[in-house]
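Survey of secondary and tertiary structure
Spelled out from the first residue to the last, the chains are:
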Amino acid sequence: MKQKPSMPHNPEPTPSILKAFSHAFGGGSLIRADALASAGLGDRFFGWFFKKACEAYGKMVLKNVSRQCKLSGSTLLGFNCQLNNDGPAENISIGSNTIVRGILNASRGGKIKIGNSVYVGDNTCLYSMAEIEIGDGTMIAHGVNIFDNDTHHKDWALRKAEFERLFKKSKQPIPPIRSSPISIGENCWIASGVCIFKGCKIGARSIISAGTIVTKDVPEDSLAYGQEKMCIRSLS
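Small disclaimer: the values here were computed from a predicted structure and weren't measured.

Here we take up the pairing of strand 12 (residues 131–134). Only one face of strand 12 is covered, namely the one carrying I132 and I134; the face carrying E131 and E133 has none of its residues buried. Judged from the four bridges that link them, strand 9 (residues 111–114) and strand 12 form a sheet pairing that is parallel. Within strand 12, the residue paired with K113 across the bridge is E133. Bridge analysis of strand 12 against strand 15 (residues 182–184) gives three bridges, and the strand direction is parallel. Looking at the pairing, E133 lines up with S183 of strand 15.

Spelled out as structure tokens, the structure:
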């Protein structure tokens, strides 16, 4: 019996050199080593150039950030990381094996202390005018807001005066904005879209569900969830 002709072999397409990567624990472009090995000369040159450019930019970001805070040698910073510190470098400290992709803002004497093996995701903002402390092993997803202060005055006249000072139209002294320290214990998980406000303490190993608005303390080994009214239950 005559055999049927075999179908022609269609090789798999060459994987792209740049692959977009998006996940709760990070975002950006990656260069695949196997793609570089199998790509044409032009693609290999582009990949090499892009990698060198990324390395140079990363070093520039790291150098700029290192002037404003105390970094461990094993700290990793994402390209989207921003750091604003109007006080001494000691006001922001980041532990070893920690990844920061978000925004750290220490203003008017505020302090941010991030422990070891912590993850801070994309577009997450820590804004301190008192103190924000994050324990070892805690994971903070993307789009989280942690503010230990009211950020603005309730009095509209004071808000206006503060805005005018940005343009040096006013030198009127502004009263301090209300603030109170925030503490997040070890090995917590703060899911995406969470808001944590001033004066809150989150106990070790607790989980804050996505979108939760935290306005009071959360005990150790607890699950907190809810927006209009935060609910807490034990994980044990």
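Two elements, strand 19 (residues 207–208) and strand 21 (residues 222–225), share two bridges in a ladder whose sense is parallel. Within strand 21, the position partnered with I207 by the bridge is L223. The pairing of strand 21 with strand 22 (residues 231–234) spans four bridges and is classified as antiparallel. Among the inter-strand pairings, L223 is bridged to a residue of strand 22, identified as R233. Connecting strand 21 to the next strand, strand 22, in antiparallel fashion are five residues, including G226 with a positive phi near 115 degrees.

Pairing in this open sheet of six strands is parallel, and the strands run 3-6-9-12-15-18 from one edge to the other. The strands lining the two open edges of the sheet, one partner per strand, are strand 3 (70–71) and strand 18 (201–202). In terms of strand pairing, strand 15 meets strand 18 through two bridges, oriented parallel. In the strand pairing of strand 18, I184 is matched with I202.

Let us look at the side chain of T75. Tracing the sequence through the fold places T75 in the loop between strand 3 and strand 4 (76–77). You can call T75 buried: its relative accessible area is 8%. Separated by 3.1 Å, the side chain of T75 and the backbone oxygen of G95 make a polar contact. Residues within four places of T75 in sequence aside, it is in contact with I94, G95, N97 and T98.

If you roll a probe as big as a water molecule over the atoms, it shows you where there is empty space left. When its volume is computed, the second largest pocket comes out at roughly 340 Å³. If you trace the second largest pocket, you find 17 residues lining it, with S107, R108, Y127, E162 and L166 closest to the centre. Contributing elements (two or more residues each) for the lining of the second largest pocket: strand 5 (82–85), strand 8 (103–106) and helix 3 (156–166). The dominant element in the lining of the second largest pocket, judged by the number of residues it contributes, is helix 3, at five residues.

Conventions adopted
Residues numbered from 1 in each chain as written. Predicted model: local features only at pLDDT ≥ 70, side-chain atom pairs only at ≥ 80, totals over all residues. Heavy atoms only, no water. Buried < 20%, exposed > 50% of the residue type's maximum accessible area, 1.4 Å probe, protein only. Helix = DSSP H or I, 4+ residues; strand = E, 2+ residues; numbered from the N terminus. Pairing = 2+ DSSP bridges. Polar contact = N/O pair within 3.5 Å; in protein donor to acceptor, adjacent residues only side chain to side chain. Contact = heavy atoms within 4.5 Å. 1 Å grid on protein atoms, 1.4 Å probe; cavity = no way out; pocket = protein on both sides within 12 Å on 5 of 7 lines; lining within 4 Å. Points joined across faces, edges and corners; volume = space filled by probe spheres on them.

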